Every structure is written in C-alpha cells, then in structure tokens.
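Structural overview for review
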Amino acid sequence: MKKIFLVFIALCGFFANGQNSDRAKKMLDEVYSKITSYENIYIDFKYNLDNMAENISQETKGNVTLAKNKYVLNYLGSTRIYDGNKTYTIVPENEEVVIETTSNEDDAAITPSKMLTFYKKGYNYKWDIEQNVRGRKIQYIELKPQKANSEIKQILLGIDVQTKHIYNLIEIGKNGTKTTITVTSFKTNQPVPANLFKFDKEKYKKEGYYISEL
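My aim in this report is to walk through the structure given alongside it, one point at a time. (Residues numbered from 1 in each chain as written. Predicted model: local features only at pLDDT ≥ 70, side-chain atom pairs only at ≥ 80, totals over all residues. Heavy atoms only, no water.)

**Focus: the overall build of the protein chain**
In plain terms, the rule: Working definition: helices are DSSP H or I runs of at least four residues, strands are E runs of at least two. Numbering for both runs from the N terminus. Per-residue accessibility, obtained with a 1.4 Å probe over protein chains only, is compared with the maximum for each type, and a residue is labelled buried under 20%, exposed over 50%, and partly exposed between these values. Using a 1.4 Å probe, the Shrake-Rupley method yields the accessible areas, and only the shown protein chains count as cover for residues.
Helices and strands together make up the secondary structure of the protein chain, namely two helices and twelve strands. Counted from the first residue to the last, the protein chain has its helices and strands arranged as α-β-β-β-β-β-β-β-β-β-β-β-α-β. Residue burial in the protein chain is summarised as follows: out of 214 residues, 38% are buried. Element-wise, carbon and sulfur atoms account for 51% of the exposed surface of the protein chain, whose accessible area totals about 13,700 Å².

**A closer look at the pairing of strand β10 (residues 166-173)**
Heads up, the rule is: When DSSP finds two or more bridges between two strands, those strands count as paired.
Counted residue by residue, β10 has six buried out of eight residues, so it is predominantly covered. As paired strands, strand β9 (residues 152-160) and β10 are joined by seven bridges and run antiparallel to one another. The partner of I159 across the bridge, within β10, is I166. Between the antiparallel neighbours β9 and β10 lie five residues, among them K164 with a positive phi of about 65 degrees. Relative to strand β11 (residues 178-188), β10 is paired through five bridges, and the arrangement is antiparallel. Along β11, the bridge assignment pairs N168 with T182. Between the end of β10 and the start of β11, which pair antiparallel, lie four residues, with G176 showing a positive phi angle near 95 degrees.

**Brief notes about the nonpolar core**
Rules: The criterion is simple. A nonpolar core is a set of buried Ala, Val, Leu, Ile, Met, Phe, Trp, Tyr and Cys residues joined through side-chain atoms within 4.5 Å. Only heavy atoms enter the contact rule, under which two residues are in contact if any of them lie within 4.5 Å.
Membership of the largest hydrophobic core comes to 32 residues, with the highest contact counts inside it found for F45, Y119, I141, L143 and L157. With residues near it in sequence (within four places) discarded, Y119 still touches L28, V31, Y32, Y125, L143, L157 and I166. Counting residues in hydrophobic clusters, the runner-up holds twelve residues, among them V72, Y88, F197 and F199.

**What about unusual backbone geometry?**
Backbone geometry places K68, a non-glycine residue, at a positive phi of 60 degrees. By secondary structure assignment, the location of K68 is in the loop between β2 (56-67) and β3 (70-75). The exposed category is assigned to K68, whose relative accessible area is 52%. At K164, a residue that is not glycine, the phi angle is positive and equals roughly 65 degrees. Position of K164 relative to the elements: it lies in the loop between β9 and β10.

**Here's the deal with the sheet that holds strand β8 (residues 136-145)**
As a reminder of what qualifies: Under this scheme, a helix contributes an axis fitted over its contacting stretch, all axes are lines through C-alpha atoms, and angles between N-to-C directions fall in the 0 to 180 degree range.
What the twelve strands build is an open sheet, ordered β7-β8-β9-β10-β11-β1-β2-β3-β4-β5-β6-β12; its pairing is mixed. The open sheet has two edge strands, β7 (123-133) and β12 (210-213), and neither has a second partner. For this sheet the average axis-to-axis angle between neighbouring strands, irrespective of direction, equals 15 degrees. As judged from the ten bridges shared by strand β1 (residues 41-51) and β11, these two strands associate in the antiparallel manner. Counted as the bridge partner of D50 is K178 from β11.

**Some points on the pattern of salt bridges**
Using the following cut-off: Salt bridges are counted wherever a side-chain nitrogen of Lys or Arg sits within 4 Å of a carboxyl oxygen of Asp or Glu.
Applying the stated rule across the entire model yields five salt bridges. In this structure, K25 and D29 form a salt bridge, with 2.9 Å as the shortest nitrogen-oxygen distance. Within this pair, K25 and its partner D29 are both found in helix α1 (residues 2-35), separated by four residues, close to a single helical turn. With relative accessibility at 29%, the residue D29 sits in the partly exposed group. A salt bridge links E30 to K164; its shortest N-O distance comes to 3.8 Å. Here the residue E30 occupies a position in helix α1, and K164 occupies one in the loop between β9 and β10, the gap between them amounting to 134 residues.

Below, the structure is given as structure tokens:
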C-alpha cells in the first residue's frame, strides 16, 4: 500500500510539473506573438551586473531600437548597429569602428535582436512567482538551458501580465554573476529614419575614424 501511495505522489508531481511547463509556454507564446506583431520597438533599459564573490556591482543605462532582426543599440558610450548581415560597433572615445559579419547560427548570446524572443529555443520553462511592481503584476517564468555545458544556470523572465511585454530579465551564471536588464520605457511602432540601420562608412572615414573589419 505504501509503495502504491508513493507512486501516486510521484505521478501527481509529474502531472503538476507538466501543467506548470505548459502554462509557462503558453504565456511565452503570447509574449512572442505580441512582440513580433510590432513593426519596431524602442526600449530604454537599466543594466545591473553583480557578483558578490568578486565584489563587483555595476549599473548602467542604455537604449535600443529594434525592427525585426535589425537593431541600433546605444550602451556604454558606444553605438552598435546590426543591419541583418553585419554588426558595426562605433566607439567615439577611441574614434574606432569595428565591422563584423555575424552568423546567427554560431551566435548563442542573447543579442538585442534576440532579447525579446531568445527563449523560443534551447530552454525548459517553469512557472515561477508573481510580484507586484508599482501596481503592475509581473509574472516570472524560469528558464533553464537544455545544454549541460551552458554557462547560464538559470534565467528569470518577468512579464507584465496585462500588456504581455517583458519587464525584466534576470540571468544567473554558474560563476555566481547575476545580470539584470530592466525595461524602463517601452514604445512601439515609432517613426524611424529610413537609414537608421545603415552604416555610413564614408562619413566615419572623413571624420578620421579607424575602421577595422573582422
């Protein structure tokens, strides 16, 4: 009788975890559907990096404009443009531009163009806690990489229950580093210049920038 009871408890736990995962996936699918419906998205964000063991605590701000798989990111005094084929990193302080040809298949990092949709592949989902943030209901979904050799231990994705927009992303590394990206402003379908995602190489040559291609 005891063995039957233990099997029953295990089955109940398995069923609950399955429902938990399905619930999380459903919300993520709703977020994905909402995000991909926009022509473009403009985000102001706050970036925090903490590692108590190394006594590291950093906070910076930035903004990014996304249009499908293209983006312009302003962060740490530099501008990064991705035109769907190449990435251009412009560093005014050093008067330098680095041009890289990007392969989406080889790039496993959470880049700006994937920041709002990266969770579609390579993760297991779990329904987590709900928090009230200044009157907004934020539901967290826990994501764990499916690859055992990933440097990421877990990711917590905070989703605004009402708008289905991402509020924040908390990434915890296996080395103890905690990275938090918090969205402070979220605008959609804004008028953007036609050449926003184009890099003007001649302009930077004339301004004396050193341009390197990798």
